[in-house]
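# Per-entry structural report
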Amino acid sequence: MKSVCLLHSLLMATALSLCPAMLQAASLPAHMPIDLLIVADEVNPHKLADADLTQPQDLAPALTAADSPLANARVTTVNSQCADDALKALQNLAADYRNTFQFPVLAITGSNGKTTTKELIREVIAKKFKVYATEGNLNNHIGVPLTILRVPADCEFAIIEMGANHQKEIASYCKVACPDYGLITNIGKAHLEGFGGIEGVQRGKRELYDYLLQAKGTIFCNTQQDYMHEWANIFHPVEYSANDFVVLSENEGMDILWTPHNIRFHSHLAGRYNLNNIAAALKIGEFFGVSPALAAQAIANYIPQNMRSQIQKTEWNELIIDAYNANPTSLEHAIRNLADQKGLE
């Protein structure tokens, strides 16, 4: 059987056994300089049985059939090409597009805190640059190339989140994203089966450092993560630490003093473990010339909406919503944070 991966200036659909909602979510902005149809094996087609896969003009009616997930798409195929692997073709297209970027690309990985740190960095960097960052957690073998292909033409700074559940995965993403800068939030007990234990997690995450060493890139490193700091020392990394912050009070988040700049601000994030995420965002903002006052304002304005470190007050109580996902390390931090709340008996 044949399947379709349609890439053009208005639509990106990877029919890799994905549901219609995922196909819709893969839409691309109009700036993309792509007008290409790719046909690959082993994926279920929609109304392609009678279409000549070598004739683009015959494919448009089939793809927009009433029962197709692409029924409302505007198909304006100009060129067609057969590929043995639609996923590989997607990744190659993303890598080619990445090579046109003339602005910084920052990659973020880690066992915990990737998405929150990414969101905070986005808010801080946006005070100075037009920034594009991974949407949600599209951080896997499909999400990373999709993120790159969605970077708008007028972008000035890109943030690419990279997730992984086995070794060599981060290395493969680096070949597509080609980051100039990198951050590993931490190493925890996540995806232990795929990585083969905590040592495998360390090796897998370190692949970002290995790439940046070869590419002569820049690492941002948390000095409180001893093993990561030891790895990063070969780079002369840009260092940051949660020790630069004092939590003055915890009420619907945290009132924080940023001691090096004597700046006080409020964060809507629940949990002191988020100080590491805040510290990373502020250090990266400082590195790229965002003023401390504007950077602190960006952190203060960020309100989590993604089931990570959220606080919600109801008529009867106050909820800490930290339910998106969990591994043993993140769960331990969440429980310790709950136990530290005043008024609990």
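Given the structure is predicted, the values throughout are model-derived calculations rather than measurements.

## Quick look at the pairing of strand β5 (residues 105-109)
Burial runs high along β5: five of the five residues are buried. Burial of the side chains of β5 extends over both faces: V105, A107 and T109 are buried on one face and L106 and I108 on the other. Judged from the four bridges that link them, β5 and strand β7 (residues 157-161) form a sheet pairing that is parallel. Looking across to β7, one finds that A107 is bridged to I160. Strand direction decides the pairing type here: β5 and strand β8 (residues 181-184), joined by four bridges, are parallel. Of the residues in β8, the one forming a bridge with L106 is Y181.

## A short note on the confidence of the model for the protein
In this model, the protein carries a mean pLDDT of 74, and residues with pLDDT of at least 70 account for 60%. Per-element confidence in the protein ranges from a low mean pLDDT of 35 for helix α1 (residues 20-25) to a high of 97 for helix α11 (residues 292-301). The low-confidence segment residues 1-51, where pLDDT is below 50, has 150 contacts with residues more than four positions distant or belonging to other chains. In the model, residues 68-79 has pLDDT below 50 throughout and makes 32 contacts with residues more than four positions away in sequence or in other chains.

## Focus on helix α5 (residues 143-150)
Owing to its 3.6 residues per turn, the α-helix aligns residues three or four sequence positions apart on the same side. Counting buried residues in α5 gives eight out of eight residues, a clear majority hidden from the surface. Along α5, the positions that sit buried rather than exposed are G143, V144, P145, L146, T147, I148, L149 and R150.

## Quick word on the sheet that holds strand β11 (residues 245-249)
Taking strand neighbours across the sheet as the criterion, the three strands line up as β11-β12-β13 in an open arrangement whose pairing is antiparallel. Edge strands, defined here as strands with exactly one partner in the open sheet, are β11 and β13 (263-267). The sheet shows a mean angle of 30 degrees between the axes of neighbouring strands, taken without regard to direction. Bridge count between β11 and strand β12 (residues 254-258): four bridges; the pairing is antiparallel. Bridging across to β12, S249 finds its partner in D255.

Parameters and conventions
Residues numbered from 1 in each chain as written. Predicted model: local features only at pLDDT ≥ 70, side-chain atom pairs only at ≥ 80, totals over all residues. Heavy atoms only, no water. Buried < 20%, exposed > 50% of the residue type's maximum accessible area, 1.4 Å probe, protein only. Helix = DSSP H or I, 4+ residues; strand = E, 2+ residues; numbered from the N terminus. Pairing = 2+ DSSP bridges. pLDDT = per-residue confidence, 0-100. Contact = heavy atoms within 4.5 Å. Axes fitted to C-alpha atoms, helices over the stretch in contact; angles between N-to-C directions.

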